[in-house]
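Report on the structure
The chain contents come next:
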Amino acid sequence: GLSIEGVASNRLPIRPLEQLPTSRQRWALAGLIAHRFRSSTLRMEERLYIDSWGLKASTTAAQYFIDLDERLRVWPQLRFNAQSGTSFWRLANEGAPLFDKNKQLIGVGVPALRTGDRELGPLFGLTLGAGARYAFGEKKKYAVSLLGDVIYTRFLNHLYLFDRLGFLGATTLEVDLE
């Protein structure tokens, strides 16, 4: 990629604000398959998405729950998602000179729809994680769960930010009320 200074030296003096469409229609189709084995469960999900902004996406997730005993369950999990950019996503929006009828320069035009939001551009993400759940108390009415995920996102068409690495950790307490 070009350095920050290189990009700045090629920029127009105007700094137009982001302009997104004022409405958005979204459609998704999702499926889930789960199979219970003797002491484990495999769960797989797929979600296909498209919207009126031209964004298309797919998310695939899988978890494999293993019952170590009647109180303790552990699981690995994997999630992959990929998306195209919106129809108006550009690495950089180009300005076009505007002339009056006498061919005098009167300004610079920019695309009507424009965004710098990297989340609206093409990307893919991978999440790897694991969890554990321990049930306790009379009739196993209580449970505590721990979850840890490492999340990697790769931006396929961005000037400065190419990828992101994150971590999610969660602890939950469940109470079964009858």
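This write-up is about the structure you can find in this document. (Residues numbered from 1 in each chain as written. Predicted model: local features only at pLDDT ≥ 70, side-chain atom pairs only at ≥ 80, totals over all residues. Heavy atoms only, no water.)

A few words now on the overall build of the protein. Looking only at helices and strands, the protein has one helix and nine strands in total. Of the regular secondary structure in the protein, the N- to C-terminal order runs α-β-β-β-β-β-β-β-β-β. Across the protein, every contact between residues at least 6 apart in sequence was considered, and the portion connecting residues at least 24 apart equals 54%. Computed over 23 positive and 18 negative side-chain charges, the inter-centroid distance for the protein is 5 Å. (Helix = DSSP H or I, 4+ residues; strand = E, 2+ residues; numbered from the N terminus. Contact = heavy atoms within 4.5 Å. Lys, Arg positive; Asp, Glu negative; His and termini not counted. Charge placed at Lys NZ, Arg CZ, Asp CG, Glu CD.)

Here the focus is the pattern of salt bridges. As enumerated under the stated definition, the model contains seven salt bridges in all. In this structure, Arg36 engages Asp67 in a salt bridge whose closest nitrogen and oxygen atoms are separated by 2.5 Å. On the criterion of sequence distance, the pair formed by Arg36 in strand 1 (residues 26–36) and Asp67 in strand 3 (residues 56–67) is long-range, its members being 31 residues apart. Exposure remark for Arg36: the relative accessible area of 44% places this residue in the partly exposed category. (Salt bridge = Lys/Arg side-chain N within 4 Å of Asp/Glu carboxyl O. Buried < 20%, exposed > 50% of the residue type's maximum accessible area, 1.4 Å probe, protein only.)

The subject of this paragraph is the layout of surface pockets. In this model, the largest pocket occupies a volume close to 780 Å³. Arg11, Leu91, Ala92, Asn93 and Leu159 are, among the 25 residues lining the largest pocket, the residues nearest its centre. The volume enclosed by the second largest pocket comes to roughly 280 Å³. Looking at the second largest pocket, it is lined by 19 residues, and the ones nearest its centre are Thr59, Arg79, Asn81, Gln83 and Leu123. Looking at the lining of the second largest pocket, the elements with two or more residues in it are strand 2 (40–51), strand 3, strand 4 (72–83), strand 7 (123–136) and strand 8 (142–155). With four residues, strand 4 is the largest single contributor of residues to the lining of the second largest pocket. Looking at the lining of the second largest pocket residue by residue, the classes come out as six nonpolar, seven polar and six charged. (1 Å grid on protein atoms, 1.4 Å probe; cavity = no way out; pocket = protein on both sides within 12 Å on 5 of 7 lines; lining within 4 Å. Points joined across faces, edges and corners; volume = space filled by probe spheres on them. Nonpolar A, V, L, I, M, F, W, Y, C, P; charged D, E, K, R; others polar.)

Glancing now at unusual backbone geometry. Look at Lys103: it is not a glycine, yet its phi comes out positive at around 60°. Positionally, Lys103 belongs in the loop between strand 5 (96–99) and strand 6 (105–109). Unlike most non-glycine residues, Lys139 shows phi in positive territory, near 55°. Within the element layout of this structure, Lys139 appears in the loop between strand 7 and strand 8.

Moving on, we get to the packing of aromatic side chains. Here the structure, examined in full by the defined rule, presents six aromatic pairs. With a centroid separation of 5.6 Å and 65° between ring planes, the pair formed by Trp53 and Phe88 is classed as edge-to-face. Linking Trp53 in the loop between strand 2 and strand 3 with Phe88 in the loop between strand 4 and strand 5, this pair joins segments that are 35 residues apart in sequence. By relative accessible area, Phe88 is classed as buried at 7%. Arranged with centres 5.3 Å apart and planes meeting at 50°, the rings of Phe65 and Trp75 form a pair that is tilted. Separated by ten residues along the polypeptide, Phe65 in strand 3 and Trp75 in strand 4 bring together distant segments of the chain. (Phe/Tyr/Trp six-rings, centres within 6.5 Å; stacked < 30°, edge-to-face > 60°.)

Pairing of strand 7 with strand 8 involves 14 bridges; the strand directions are antiparallel. Paired with Arg133 across the bridge in strand 8 is Ser145. Where strand 7 folds back on strand 8, the antiparallel hairpin that results is connected by five residues, among which Gly137 adopts a positive phi of roughly 85°. Where strand 8 meets strand 9 (residues 163–175), 13 bridges bridge the pair, whose relative direction is antiparallel. Considered in strand 9, the bridge of Leu146 is made with Thr171. (Pairing = 2+ DSSP bridges.)

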